[in-house]
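Chains, contacts and geometry: an overview
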Amino acid sequence: MREQDLRELVDAEKFTPFVLHVSDGSKYVIRNRADVLTTRSVVYIGVDPDENGVPRRTVRVDPVHITRMTPLKTNGARKRK
């Protein structure tokens, strides 16, 4: 997948959470823009969020290994703060 395609999805005016699927079978839930940083050669994904939603670590993925992105299915309920 082109990094530009991912960047357009992340930078969209109305961000929609999605799941990033990778060629090794891994899946990463992207709940907000801050969960992902794209460069031309690497996508950094924040994972294992703490109680405040701050990622405890990052995963590096080569954009060529991103096989698809699907909208995150939600039950329509809003998360309480």
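Each value, and the rule that gives it
Residues numbered from 1 in each chain as written. Predicted model: local features only at pLDDT ≥ 70, side-chain atom pairs only at ≥ 80, totals over all residues. Heavy atoms only, no water. Helix = DSSP H or I, 4+ residues; strand = E, 2+ residues; numbered from the N terminus. Polar contact = N/O pair within 3.5 Å; in protein donor to acceptor, adjacent residues only side chain to side chain. Contact = heavy atoms within 4.5 Å. Pairing = 2+ DSSP bridges. Axes fitted to C-alpha atoms, helices over the stretch in contact; angles between N-to-C directions. Phe/Tyr/Trp six-rings, centres within 6.5 Å; stacked < 30°, edge-to-face > 60°. Buried < 20%, exposed > 50% of the residue type's maximum accessible area, 1.4 Å probe, protein only. pLDDT = per-residue confidence, 0-100.

1. A short note on the side chain of histidine 21
Considering the arrangement of structural elements, one finds histidine 21 in strand β1 (residues 18-22). Within polar-contact distance, the side chain of histidine 21 engages the side chain of threonine 70 at 3.0 Å. Among residues more than four places away in sequence, those in contact with histidine 21 are Ser26, Lys27, His65, Ile66, Thr67, Arg68, Met69 and Thr70.

2. Brief notes about the sheet that holds strand β4 (residues 43-49)
Taken in spatial order, the three strands line up as β3-β4-β5 in an open sheet, and their pairing is antiparallel. Edge positions in the sheet fall to β3 (36-38) and β5 (55-61), since each of these pairs with one other strand and no more. The sheet shows a mean angle of 20 degrees between the axes of neighbouring strands, direction not considered. Alignment of β4 against β5, held across six bridges, turns out to be antiparallel. Across the sheet, valine 47 pairs through a bridge with arginine 57, a residue of β5.

3. Quick notes on the packing of aromatic side chains
Applying the stated criterion to the full structure yields one aromatic pair. An angle of 55 degrees between the planes, with centres 6.1 Å apart, marks the rings of phenylalanine 15 and phenylalanine 18 as tilted. In this pair, the class of phenylalanine 15 matches that of phenylalanine 18, namely buried.

4. Here we look at the confidence of the model for the chain
For the chain, the average pLDDT comes to 87, and 90% of its residues sit at 70 or higher. Highest mean pLDDT in the chain belongs to β1 (95); lowest belongs to helix α1 (residues 3-10) (86).

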